[in-house]
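Here is what each chain is made of, one letter per residue.
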Amino acid sequence: MEHRVLSVRTIVLWAIGLAVVAATSVVLLLITLGSGEPRDGVRLDVVRTASGIVLGTGGAAALLLTARRQRYTELDLVQKDHDATERRVTELYGKAADQLGSDKAPVRLAGLYALERLAQDNPAHRQTIVNLVCAYLRMPFTPPPEVRARARVGPRDADRYQELEVRQTAAGLLATHLRPDRPDAFWADIGLDLSNATLVKLTLTHARVRSASFAGSAFVGSAAFRGTEFTGTADFRETCFRDLADFRRVRFGDSVFRGAVFEGGTDFGVHTAAALAGARTRTRDVRRKWPAGWVEQAAEPEWAVLVADR
């Protein structure tokens, strides 16, 4: 919006006009009330009182205009401060995102920790930052082989071990900030999209998540969700659990396990309720504890499907 500034000519004309009005008023008062009669004194008192009221009203109007101008100034300062903060957040976010795309593992780790600090200090941006971290974890990844002496592996496997370290750090940061029992670090009302991700030894215990999608994901190593609450839908369609899956004391707002595959041990405990229709499990000699109301039905050799116990 364009604001016009009063010119010097306009100010001078207004000053002359006010002076003329004042001089005219004085002359009229002298002519009208200058006879010295008693009634003229009464009239003069009335004029004096009215003038005081007019001056007081003018002072109140001036005070109102000053307050209004001060209000506009404060709002402008608040807006400028907000804009500066948003610019700083955008710059830091862009820099951290660039670090996350680096080909050097230490730089990627630095980017993760920068994003964590940014989210901790700016609650309004937490979901966006979580989305970025989840997108990183959804990128294609082949876990390195389990070997005892990592120093003997080749450069390619060494890179994969470094990438595994970055990914486990990313998953660990998410898990840390989704625990309501840590109020200083807890990020409330967060949704996770980890669909089609490869997650190694995921530990998401005692967390509270609005909703989560693990559809099509592969869990390598144990996957622990013990004590976690999904207030909305937890989507585990077509998910593959290659080792232990721990769902003890998990609370689902809604759950979908259609097409999920449990290849290792499975433990839903006695307090977890879940919808396992369409899930499959290996029947080899490992511990399997299903929610109440669900049983295994033999399908093909070494495999069974989960069906409701009627």
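Residues numbered from 1 in each chain as written. Predicted model: local features only at pLDDT ≥ 70, side-chain atom pairs only at ≥ 80, totals over all residues. Heavy atoms only, no water.

Now for the overall build of the protein chain. When its secondary structure is counted, the protein chain shows five helices and 16 strands. When each of the 310 residues of the protein chain is scored for burial, the buried share is 35%. A sequence separation of at least 24 residues applies to 28% of the contacts in the protein chain between residues at least 6 apart. Of the accessible surface of the protein chain, which amounts to about 19300 Å², a share of 57% is contributed by carbon and sulfur atoms. (Helix = DSSP H or I, 4+ residues; strand = E, 2+ residues; numbered from the N terminus. Buried < 20%, exposed > 50% of the residue type's maximum accessible area, 1.4 Å probe, protein only. Contact = heavy atoms within 4.5 Å. Areas by Shrake-Rupley, 256 points an atom, 1.4 Å probe, with all protein chains shown as cover.)

Another point: the packing of helix α3 (residues 105-121) against helix α4 (residues 126-137). Running from N to C, α3 and α4 cross one another at 160°; their axes reach a closest spacing of 9 Å. Overall, the two elements α3 and α4 adopt an arrangement that is roughly antiparallel. Crossing of α3 over α4 shows left-handed handedness. Where α3 abuts α4, its residues Arg 108, Leu 112, Leu 115, Leu 118, Ala 119 and Gln 120 lie against Arg 126, Ile 129, Leu 132, Val 133 and Tyr 136. Residue composition of the contact of α3 with α4, by class: eight nonpolar, one polar and two charged. (Axes fitted to C-alpha atoms, helices over the stretch in contact; angles between N-to-C directions. Parallel < 35°, antiparallel > 145°, perpendicular 65-115°, else oblique. Left-handed = near helix turned anticlockwise from the far one by under 90°. Nonpolar A, V, L, I, M, F, W, Y, C, P; charged D, E, K, R; others polar.)

Bringing the nonpolar core into the picture now. Counting residues in hydrophobic clusters, the biggest one holds 55 residues, and the most contacted among them are Leu 192, Phe 214, Phe 225, Phe 236, Phe 247, Phe 257 and Phe 262. Those elements that provide at least two residues to this core are α2 (38-100), α3, α4, α5 (155-176) and β7 (229-235). Residue contacts for Phe 247: discarding those within four places in its chain leaves Phe 225, Phe 236, Phe 241, Phe 252, Phe 257, Phe 262, Asp 267, Phe 268 and Thr 272. (Core = buried A, V, L, I, M, F, W, Y, C linked by side-chain atoms within 4.5 Å.)

You can see Cys 240 is positioned in strand β8 (residues 240-241). Expressed as a C-alpha distance, the spacing of Cys 240 and Phe 219, which sit 21 residues apart in the sequence, is 6.1 Å. If we skip the residues at most four places from it in the chain, Cys 240 touches Ser 217, Ala 218, Phe 219, Val 261 and Glu 263.

What the second largest pocket holds in volume is close to 200 Å³. Along the wall of the second largest pocket there are twelve residues; nearest its centre are Glu 146, Leu 164, Gln 168, Val 200 and Lys 201. A breakdown of the residues in the lining of the second largest pocket according to their chemical character gives six nonpolar, two polar and four charged. (1 Å grid on protein atoms, 1.4 Å probe; cavity = no way out; pocket = protein on both sides within 12 Å on 5 of 7 lines; lining within 4 Å. Points joined across faces, edges and corners; volume = space filled by probe spheres on them.)

Moving on, we get to the sheet that holds strand β14 (residues 288-289). By definition, the strands of a sheet pair up through backbone hydrogen bonds, in either a parallel or an antiparallel sense. The four strands are arranged β6-β9-β12-β14 in an open sheet whose pairing can be described as parallel. Each edge of the open sheet carries a strand with a single partner, namely β6 (223-224) and β14. (Pairing = 2+ DSSP bridges.)

Here we take up the sheet that holds strand β11 (residues 261-262). Here seven strands make up an open sheet; going across it, the order is β2-β5-β8-β11-β13-β16-β15 and the pairing mixed. Only two strands of the sheet have a single partner each, and these edge strands are β2 (198-200) and β15 (294-298). As paired strands, β2 and strand β5 (residues 218-220) are joined by three bridges and run parallel to one another. By the bridge assignment for β5, Val 200 is matched with Val 220.

Enumeration according to the criterion identifies 16 salt bridges in this entry. We note a salt bridge from Arg 138 to Asp 193, for which the minimum N-O separation is 3.7 Å. Of the two residues, Arg 138 is situated in the loop between α4 and α5 and Asp 193 in strand β1 (residues 191-193); the sequence distance between them amounts to 55 residues. Residue class for Asp 193 comes out partly exposed when judged on its relative accessible area of 33%. Residues Arg 208 and Glu 229 are paired through a salt bridge, measuring 3.5 Å at the closest nitrogen-oxygen approach. (Salt bridge = Lys/Arg side-chain N within 4 Å of Asp/Glu carboxyl O.)

In this section: the packing of aromatic side chains. Counted according to the given criterion, the structure contains 24 aromatic pairs. Taking the centre distance of 5.7 Å and the plane angle of 50° together, the rings of Phe 214 and Phe 219 count as tilted. Pair check on accessibility: Phe 214 and Phe 219 agree, each one buried. Three or more aromatic residues joined by ring pairs form one cluster here, namely Phe 214, Phe 219, Phe 225, Phe 230, Phe 236, Phe 241, Phe 247, Phe 252, Phe 257, Phe 262, Phe 268 and Trp 290. Arg 167 extends its terminal NZ or CZ atom over the ring of Tyr 136, reaching a point 5.6 Å from the ring centre. The ring of Trp 303 has Arg 280 lying over it, and the distance from NZ or CZ to the ring centre is 4.5 Å. (Phe/Tyr/Trp six-rings, centres within 6.5 Å; stacked < 30°, edge-to-face > 60°. Lys NZ or Arg CZ within 6 Å of the ring centre and 35° of its normal.)

Another point: the environment of Gln 127. Following the sequence through the fold, Gln 127 ends up in helix α4. For Gln 127, a relative accessible area of 22% corresponds to the partly exposed category. From its side chain, Gln 127 meets the backbone nitrogen of Gly 191 in a polar contact 2.9 Å long. (Polar contact = N/O pair within 3.5 Å; in protein donor to acceptor, adjacent residues only side chain to side chain.)

Relative to the helices and strands, His 177 is located in the loop between α5 and β1. Owing to a relative accessible area of 4%, His 177 belongs among the buried residues under this scheme. Side-chain polar atoms of His 177 contact the backbone oxygen of Ala 185, separated by 2.7 Å.

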